[in-house]
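Residues per chain, in single letters:
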Amino acid sequence: MQDMQSENAVIELNRAHLWQIALFSLNNTSTNLYLAMMGYVSYYANGIAGLSVVVISFILTGMRIFDGVTDPVIGYVIDKTNGRFGKFRPFMISGYVLLAGSSLVLFFTTHLVPAFFRIPYFIAVYSVYIIGYTFQTAVVKSGQSVITNDVKQRPMITFFDSTFIMLAHGLTAFYVSVYLIRKYGNFNSRALFEEFVITVVVLSGICTALAVIGIWGKDNSRYFQLDKEKKNNIHFRDYWQIMKHNKPIRMLVIAAASNKFASMVYSNSTVLVMLFGILMNNYPLAGIIGVIVGIPNLGIIYLGIRYAKKVGQKKAMVVSTWFAIAFQAVMMYMMLFTDLTKVSLAEINGITIAFLLVFALLNGVKSITNNIVVPMIADCTDYEYTLSGHFVPGIMGALFSFIDKSFSALGTGFVGIALSMTGYAKVFPQVGDALTPQLKYMTVFFYCVIPILGWFVTIFIMRFYRLDKKAMSILYTKKGQKE
């Protein structure tokens, strides 16, 4: 690999129709529907399959690390793939099939397996789920590179990703807290999870099909930047070389890993039960509030994308992270010093208005800072092409995912282990549990302190990320022109 720009590395301008960007973003929505569902798998494993809190936490942490380990392999295979059905579509479809099949088997059969065999069975089925998840998410991060490389279009990827992911998680929370819990009473119901998984399999299938349509016209060799002499002759040893000389991807994965760890903690289903079901004593609000603040969130995301188009993705990420810290600090103050049980949609009062306002602003900027990293990976991919002449979206996405998932894996385990040390070693906190001072402070710690610390790390690391708007403008050339 070269340290200087390759003589043959010419980046051609590639723009997309808005509908292509929008539909392809549904691939990310498909995987996030599964991610939202699996956020509740600990309640199934604990309350129905009979596994302890500590055991579940270690299993889920280990599985997420395994998820990261599979990324380099799948990324390598993606970069070597260019068959009749393209580079990305085969992985999207096969990933969905594995996700759907393993999820159905997991929730319909684990509790039927003999107790002594239940843990290895759960791990085996969950491993298949992880492989399918890796197939589909690897395309999320690598497929962006062929959809568009226009510096003004790429922020639109963040807009659609943020919007659809917000809808996926928001509607899932609404579906669980308002519909399923009201219908089945609590999380100790097999029928709840059986209905849950069927719903997700159907909806994610529709999203995957639309995403395949979105990338169809771009998923061919015309849009794969290839050095004709090297023929994209990539080997596993090149992972180290890319990480060594491509500083932007190093900085991006560290910043994103810090963000993801924080996200895995504050969005953990147990933490949300602690916040809405115990601290606020109004668990249905967890789903309803997502619908209420949906429109304001979209407005904030839209303004954030407009800002990213104007100043570049790096600055937009840093500014949105600062806003997230500020709003999270206000939320922490409200959780500590106000009575959030008075938040009520049936009887609007000052505390309700204040909470809804802060919650909307906070979730809007969090959507930007969490999702803008995806098109930034594509920027790093194009930067790598100018360095070495290799177009390796699969490897770049895999490098990102490997480190991102390995660090974020600690988030799930962190919540479980911390809870086990505070008296919840056998069962997770349940809706309606009594609020103790210890439980209150643990909720504040998970929901506010951890994300604030994670975002400070992100801001520090982004000081060393060089691909700002000016750098990206220099990087791209129109078709046929050399830099």
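Residues numbered from 1 in each chain as written. Predicted model: local features only at pLDDT ≥ 70, side-chain atom pairs only at ≥ 80, totals over all residues. Heavy atoms only, no water.

Draft legend 1. Highlighting the overall build of the protein. Looking only at helices and strands, the protein has 19 helices and zero strands in total. Expected size for 483 residues packed as a compact globule is a radius of gyration near 23 Å; at 22 Å, the protein falls within 12% of this value. Each principal axis of the C-alpha distribution contributes one length, and for the protein these read about 65 × 50 × 35 Å. Here the protein holds 483 residues, and 61% of them are scored as buried. When contacts within the protein are restricted to residue pairs at least 6 apart in sequence, long-range pairs at least 24 apart make up 86% of them. Only carbon and sulfur atoms are counted for the fraction: they give 67% of the accessible area of the protein, which is about 19200 Å². Taking the average location of the 40 positive side-chain charges in the protein and that of its 23 negative ones, the two points are 3 Å from each other. (Helix = DSSP H or I, 4+ residues; strand = E, 2+ residues; numbered from the N terminus. Rg over C-alpha atoms; globule rule 2.2 N^0.38 Å. Buried < 20%, exposed > 50% of the residue type's maximum accessible area, 1.4 Å probe, protein only. Contact = heavy atoms within 4.5 Å. Areas by Shrake-Rupley, 256 points an atom, 1.4 Å probe, with all protein chains shown as cover. Lys, Arg positive; Asp, Glu negative; His and termini not counted. Charge placed at Lys NZ, Arg CZ, Asp CG, Glu CD.)

Draft legend 2. The arrangement of the environment of Val-415 in detail. Take Val-415: it is sitting in helix α17 (residues 393-420). Spatially, the C-alpha atoms of Val-415 and Phe-446 are 7.7 Å apart, while their sequence positions differ by 31 residues. Residues in contact with Val-415, not counting those within four places in the same chain, are Val-265, Asn-268, Val-271 and Phe-446.

Draft legend 3. Up close: the environment of Val-431. As for its position among the elements, Val-431 is in the loop between α17 and α18 (437-462). Exposure remark for Val-431: the relative accessible area of 39% places this residue in the partly exposed category. It is 25 Å that separates the C-alpha atoms of Val-431 and Leu-410, two residues lying 21 residues apart in sequence. Setting aside residues up to four positions removed in sequence, Val-431 forms contacts with Val-273, Gly-277 and Tyr-283.

Draft legend 4. Highlighting helix α13 (residues 294-311). For α13, built from 18 residues, the straight-helix expectation of 26 Å at 1.5 Å per residue is met to within 8% by its first-to-last C-alpha distance of 26 Å. Buried residues of α13: Gly-294, Asn-297, Ile-300, Ile-301, Gly-304, Ile-305, Ala-308 and Val-311, and no others. Seen from one end, α13 has its buried residues packed into an arc of 140 degrees, which puts them on one side. Opposite the packed face of α13, turned more than 90 degrees from it, sit the exposed residues Ile-295, Leu-303 and Lys-310. Against the buried residues of α13 lie α7 (154-184), α12 (285-292), α14 (313-337), α15 (350-371) and α19 (469-475). (Expected span 1.5 Å × (residues − 1). Arc of directions from axis to C-beta.)

Draft legend 5. Quick look at the confidence of the model for the protein. For the protein, per-residue confidence averages 84 on the pLDDT scale, and 90% of positions sit at 70 or higher. The lowest-confidence element of the protein is helix α9 (residues 238-245), averaging 73 in pLDDT; the highest-confidence one is α14, averaging 96. Every residue in residues 1-9 scores below 50 in pLDDT, and together they form 29 contacts with partners more than four places removed in sequence or on other chains. Residue range residues 478-483 is modelled with pLDDT below 50. Its contacts to residues more than four positions away, or to other chains, number 15 contacts. (pLDDT = per-residue confidence, 0-100.)

Draft legend 6. Broad picture of unusual backbone geometry. For Asn-281, which is not glycine, the phi dihedral falls at a positive 55 degrees. Take Asn-281: it is sitting in the loop between α11 (269-279) and α12. Accessibility expressed as a relative area gives 55% for Asn-281, which makes it exposed.

Draft legend 7. Seen up close, the nonpolar core. Core analysis: the biggest nonpolar cluster contains 119 residues, and Phe-187, Phe-276 and Phe-355 have the highest contact counts within it. Beyond its immediate chain neighbours, meaning those up to four positions away, Phe-276 contacts Asn-281, Asn-282, Tyr-283, Leu-285, Ala-286, Ile-289, Phe-355 and Phe-359. Met-243, Val-253, Ala-255 and Met-396 belong to the second largest nonpolar core, which has 31 residues in total. (Core = buried A, V, L, I, M, F, W, Y, C linked by side-chain atoms within 4.5 Å.)

Draft legend 8. Representation of helix α4 (residues 89-109) in the model. Between its first and last C-alpha, α4 extends 30 Å over 21 residues, near the 30 Å set by a 1.5 Å rise per residue. Listed in full, the buried residues belonging to α4 are Arg-89, Phe-91, Met-92, Gly-95, Tyr-96, Leu-99, Ala-100, Ser-102, Ser-103, Leu-106 and Phe-107. Looking at the buried residues of α4, the elements they touch are α1 (18-38), α2 (41-47), α3 (53-80), α5 (115-142) and α8 (190-216).

Draft legend 9. Focus on the pattern of salt bridges. Inspection of the entire model under this criterion finds one salt bridge. Of the charged contacts in the structure, one is a salt bridge between Glu-195 and Lys-183, with a shortest N-O distance of 3.0 Å. A residue pair is termed long-range when its members are at least 10 positions apart, and Glu-195 in helix α8 and Lys-183 in helix α7 qualify at twelve residues. With relative accessibility at 19%, the residue Glu-195 sits in the buried group. Given the relative accessible area of 46%, Lys-183 is considered partly exposed. (Salt bridge = Lys/Arg side-chain N within 4 Å of Asp/Glu carboxyl O.)

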